[in-house]
Amino acid sequence: MSVVYVDGVRTAFGRAGPKGVFWRTRADDMGVKVVRELLRRNPQLPPDRIDDVAFAATAQVGDQGLTLGRDVALLAGIPSTVPGFAVDRMCAGALTAVTAAAGEIAMGAAGVVLAGGVEHMGHHPMADDVDFNPRFVSERLIDQSAAVMGQTAENLHDEFPELTKADADAFALRSQQRAAAAWENGIMRETVVPMAVFSDDGWTVAERDQFLRPDTTLEGLADLPTPFRPGGRVTAGNSAGLTDGATACLLASESAAGELGLTPRMRLVAFAYAGVEPHLMGVGPVPATQKALAQAGLTLDDIGLLELNEPFAVQVLTWCRGLGVDPGDERLNPYGGAIACGHPLAATGVRLLAQLAYGLGERPDVRYGLTALCIGMGMGACVIWESVDA
């Protein structure tokens, strides 16, 4: 049974910590906001026709604990007859929620599913409350650096020395410039949902990503410190910031979408996950992309738009190296990426989908698009979509 993407939204992405716009906002309430927005934008969908709600979080504790899909569904006013569940695949959390939901639909077990993710990295810092098994290191199952994402990015520079800091800075500048243009041109208003939040100064509206730096220059990037290694190559400027945010999307079978009057925008073609050495986790999207392309019977030349996550510029450069793509390719992240907007771990996958869907809508000449990202502890993900308008 064909699975289609109907709509997707996200909150603005805020800086993690006391200076962040979501500091006094609960994570689950951020999830509620994006779910309610999907229902508002698609009034022809009766809430009781939703068959499941899949929601991801990497830190499944505190205000993003419980069974998050069920929690968010009830808080959003979806009838209690609609079930929900939570998933975790670290940075691919929301993407895994999407593919899990797609599996339900493809099997005929569901007709309409909401899928998304949330990460409040201000309330739940990365690896907080995590007890790594000492056997990982004592038995040399993984390199110690695998637990620190910035160190894994430095490892990529070591592994592929032709990928220089200058290359990473140039890519970071391009991301900031493209994101700034997307905001200026109103593109992000199509997918970013303003949210009223309480702050130290009273009520305000979170409506713009806090890590946007449209005035970024190569000279400024070159002077930034390298916190993960003396004389290293990974900086705050060529990495995604620690971020709070939530995303959600609406998936359906093609038949259910037709019955309910929902307008599909993309059709799922193939998806794949892959494992790599944990200390080189950033290379994970390379084999995942190769597997997904093989499933679909496509080559990269068939793909007209590419949405890759940007936890570190060197990670995208590694994918480009492995797939033979020029980092300046106009197909790649045309609206900027996580270096400019931030990367709230489990939420990011649906941001990629929403930007891809917008891009396919703007480019009727493009038939196929691709979303991919790397995943902590040595994994990668890739999902291939077909435009319904191509």
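Refer to the structure printed above.
Remember, it's a predicted structure, so these values are computed and weren't measured experimentally.

**A word on the pairing of strand β3 (residues 52-56)**
(1) Moving on: Counting buried residues along β3, 5 of its 5 residues qualify, which places the element largely inside the surrounding structure.
(2) Moving on: Every second residue of β3 is oriented toward a common face, with Asp 52, Ala 54 and Ala 56 on one face and Val 53 and Phe 55 on the other, all of them buried.
(3) Moving on: Looking at chain direction, β3 and strand β5 (residues 112-120) are connected through 5 bridges and run parallel. Counted as the bridge partner of Phe 55 is Gly 116 from β5.
(4) Moving on: Pairing between β3 and strand β4 (residues 84-87): 4 bridges, direction parallel. Paired with Phe 55 across the two strands is Ala 86, which belongs to β4.
(5) Moving on: The parallel pair β3 and β4, bridged by helix α2 (residues 68-75), forms a crossover whose chirality is right-handed.

**Thoughts on the packing of helix α9 (residues 285-296) against helix α10 (residues 313-323)**
(1) Moving on: Interaxial distance between α9 and α10 falls to 9 Å at its minimum, and their mutual angle equals 45°. Regarding the angle of α9 to α10, the classification is oblique. Like other packed secondary-structure pairs, α9 and α10 cross with a definite hand, here right-handed. Residues Pro 285, Val 286, Thr 289 and Gln 290 of α9 lie in contact with α10, whose contacting residues are Gln 315, Thr 318, Trp 319, Gly 322 and Leu 323.

**Some remarks on α2**
(1) Moving on: What α2 keeps buried is the set Leu 68, Gly 69, Asp 71, Val 72 and Ala 73.
(2) Moving on: Contact partners of the buried residues in α2: α1 (27-41), β3, β4 and β5.
(3) Moving on: Looking one or two places after α2, you find Gly 77, whose phi comes out positive at around 90°.

**A few points about the pattern of salt bridges**
(1) Moving on: One pass over the structure, following the stated rule, counts 19 salt bridges.
(2) Moving on: Ionic pairing is found between Asp 7 and Arg 41, a salt bridge with its closest N-O pair at 2.8 Å. With Asp 7 in strand β1 (residues 3-11) and Arg 41 in helix α1, this residue pair connects regions lying 34 residues apart in the sequence.
(3) Moving on: Given a relative accessible area of 29%, Arg 41 falls into the partly exposed group.

**Quick word on unusual backbone geometry**
(1) Moving on: Backbone geometry places Met 90, a non-glycine residue, at a positive phi of 50°.
(2) Moving on: Residue placement: Met 90 occurs in the loop between β4 and α3 (93-106).
(3) Moving on: Met 90 gets classed as partly exposed once you look at its relative accessible area, which sits at 28%.
(4) Moving on: The residue Leu 345 is not glycine, and still its phi comes out positive at about 30°.
(5) Moving on: When you line up the elements, Leu 345 lands in the loop between α11 (338-341) and α12 (348-362).
(6) Moving on: For Leu 345, a relative accessible area of 9% puts it in the buried group.

**Observations concerning the nonpolar core**
(1) Moving on: If you look at the biggest cluster of nonpolar residues, it comprises 43 residues, and the most contacted ones within it are Leu 300, Ile 303, Leu 306, Leu 308, Trp 319, Leu 370 and Ile 384.
(2) Moving on: If you list the elements that add at least two residues to this core, you get α5 (149-159), α6 (165-184), β10 (266-275), α9, β11 (303-308), α10, β12 (368-375) and β13 (379-387).
(3) Moving on: Top element by residues in this core is α10. It accounts for 7 residues.
(4) Moving on: Among residues more than four places away in sequence, those in contact with Leu 370 are Thr 289, Leu 300, Ile 303, Leu 305, Leu 306, Glu 307, Leu 308, Trp 319, Leu 356, Cys 382, Val 383 and Ile 384.
(5) Moving on: Leu 39, Phe 55, Ala 246 and Ala 252 belong to the second largest nonpolar core, which has 38 residues in total.

Scoring rules and cut-offs
- Residues numbered from 1 in each chain as written.
- Predicted model: local features only at pLDDT ≥ 70, side-chain atom pairs only at ≥ 80, totals over all residues.
- Heavy atoms only, no water.
- Buried < 20%, exposed > 50% of the residue type's maximum accessible area, 1.4 Å probe, protein only.
- Helix = DSSP H or I, 4+ residues; strand = E, 2+ residues; numbered from the N terminus.
- Pairing = 2+ DSSP bridges.
- Right-handed = clockwise from strand over helix to strand, strands pointing away.
- Axes fitted to C-alpha atoms, helices over the stretch in contact; angles between N-to-C directions.
- Parallel < 35°, antiparallel > 145°, perpendicular 65-115°, else oblique.
- Left-handed = near helix turned anticlockwise from the far one by under 90°.
- Contact = heavy atoms within 4.5 Å.
- Salt bridge = Lys/Arg side-chain N within 4 Å of Asp/Glu carboxyl O.
- Core = buried A, V, L, I, M, F, W, Y, C linked by side-chain atoms within 4.5 Å.

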